[in-house]
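# Analysis of the macromolecular model
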Amino acid sequence: MIITKKKDITEITENLKEADAKSVFLFGCDSCAEQCKTGGKTELAEMTETLTKAGFTVTGSALPSETCYNQLIKKEYRTNEDASLADATVVLACGAGVKNIADVAASTGNGTQVTIPALDSHFLSSVDRVGRFFEGCSLCGECVLDKTAGICPHTDCPKSMLNGPCGGVDHGKCEVIRENDCAWVRIYGRLKTQGRLDLMKKITPPKDHSRTTHPRKLLLR
Ligand code: SF4
Ligand code: SF4
């Protein structure tokens, strides 16, 4: 799941004014943003009320099941004039959703519609339970969890130490985020339980950062 947080509303209204937008269509996302309580039905209703009070004409809203899915957005633009004719869209979704809507807007109509993000995208998370999100993977493109008992040294260690722990570990706690247990102490504990402590002696080579050159893509067809 992609974790998003709400931008300050002033930033959004200033961006709309700067774009000289009078009419606005809203997009939420019924997937990650809905679960983060940043882009579901409730947040669309709140944004409609806030922008209306600020003097904008909100012509409507849509809540695609996945706003990052290009075909769903194209269909919305094909079938909903309120979406395609608005001066601007305000998008309550992650950056992939915002980019997707901007791409569709640029390729339909006269291409003048402006796309304004309402959220900041933060991290890829696993979900502990509803409303509790923890980053577990930084999408490095070269997974080493087989050697680290499923705990990511790239993500769970603030220094991304591939061969840890660092010299700062203090009574099992991380020197950077002191409330956290050191990721490498946790890795050690799990490997010990699994009878695989020999892995602690193996040196993991530096990551091949060319694998994460942006923009990345995956083409299955
Ligand atoms: S090593 Fe960590 S950041 Fe890299 S793919 Fe595996 S979980 Fe993700
Ligand atoms: S104390 Fe542990 S988790 Fe914290 S930076 Fe050092 S190795 Fe990483």
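Our structure is the block above this text.
It is worth spelling out the sheet that holds strand β7 (residues 132-135) at this point. As summarised here, the arrangement of the three strands in space is β1-β6-β7, forming an open sheet in which the pairing is antiparallel. Because the sheet does not close on itself, it has two edges, and the strands there are β1 (2-6) and β7. The sheet shows a mean angle of 65° between the axes of neighbouring strands, direction not considered.

In the vicinity of ligand 2 there are 15 residues, among which Cys-157, Pro-165, Cys-166, Cys-174 and Cys-182 approach most closely. Taken together, the residues of the shell around ligand 2 break down into eleven nonpolar, two polar and two charged.

To continue, consider the nonpolar core. Membership of the largest hydrophobic core comes to 38 residues, with the highest contact counts inside it found for Val-24, Leu-26, Val-90, Val-91, Leu-92 and Ala-93. Among residues more than four places away in sequence, those in contact with Leu-92 are Leu-26, Phe-27, Gly-28, Cys-29, Ala-33, Thr-38, Gly-39, Glu-43, Leu-44, Met-47, Ala-118 and Leu-119.

In this section: unusual backbone geometry. The omega angle of the peptide bond from Gly-164 to Pro-165 is 0°, so this bond is cis rather than trans. Positionally, Pro-165 belongs in the loop between α7 (153-156) and α8 (183-194). Note that the residue after His-214, namely Pro-215, is joined by a cis bond; omega there is -5°. With respect to the helices and strands, the residue Pro-215 is situated in the segment after α8. Non-glycine residue Leu-139 carries a positive phi angle of around 60°. Here Leu-139 is to be found in the loop between β7 and α7. Its 11 C-beta neighbours within 10 Å are what place Leu-139 among the exposed residues. The backbone phi angle of Ser-160 is positive, close to 50°, even though this residue is not glycine. Inspection of the secondary structure assignment puts Ser-160 in the loop between α7 and α8. Residue Ser-160 is classed as partly exposed on the basis of its C-beta count, with 15 C-beta atoms lying within 10 Å.

Bringing the pairing of β7 into the picture now. Consecutive side chains of a regular strand alternate in pointing toward one face of the sheet and then the other. Looking at chain direction, strand β6 (residues 119-129) and β7 are connected through four bridges and run antiparallel. By the bridge assignment for β7, Ser-126 is matched with Phe-134. The hairpin turn running from β6 into β7, its antiparallel successor, is two residues long, and Gly-131 in that turn takes a positive phi close to 85°.

Calculation criteria
- Note that residues are indexed from 1 along each chain, following the sequence as it is written.
- Chain letters and ligand numbers both follow the written order, the letters beginning at A and the numbers at 1.
- Predicted model: local features are reported for residues with pLDDT of at least 70 only, side-chain atom pairs are reported and counted for 80 or more only, and whole-chain, interface and lining totals are derived from all residues.
- At least two bridges found by DSSP between two strands is the condition for calling them paired.
- Helix and strand definitions here come from DSSP, where helices need a minimum of 4 consecutive H or I residues and strands a minimum of 2 consecutive E residues; each element is numbered from the N-terminal end.
- Convention adopted: a line fitted to C-alpha atoms gives each axis, helices being fitted over their contacting stretch, and angles between N-to-C directions are expressed from 0 to 180 degrees.
- Think of it this way: take the backbone, place a C-beta atom on it, and check whether that atom is within 6 Å of the molecule or strand, in which case the residue is near it.
- Under the convention adopted here, Pro, Cys and the residues Ala, Val, Leu, Ile, Met, Phe, Trp and Tyr are nonpolar, Asp, Glu, Lys and Arg are charged, and Gly plus all remaining residues are polar.
- To count as a nonpolar core, a set of buried Ala, Val, Leu, Ile, Met, Phe, Trp, Tyr and Cys residues must be joined through C-beta atoms within 7 Å.
- Our exposure labels follow a C-beta count within 10 Å of each residue's own C-beta, placed from the backbone: buried means 20 or more other C-beta atoms, exposed means 12 or fewer, and partly exposed covers the counts in between.
- By the convention adopted here, residues are in contact when the distance between their C-beta atoms, placed from the backbone, does not exceed 7 Å.

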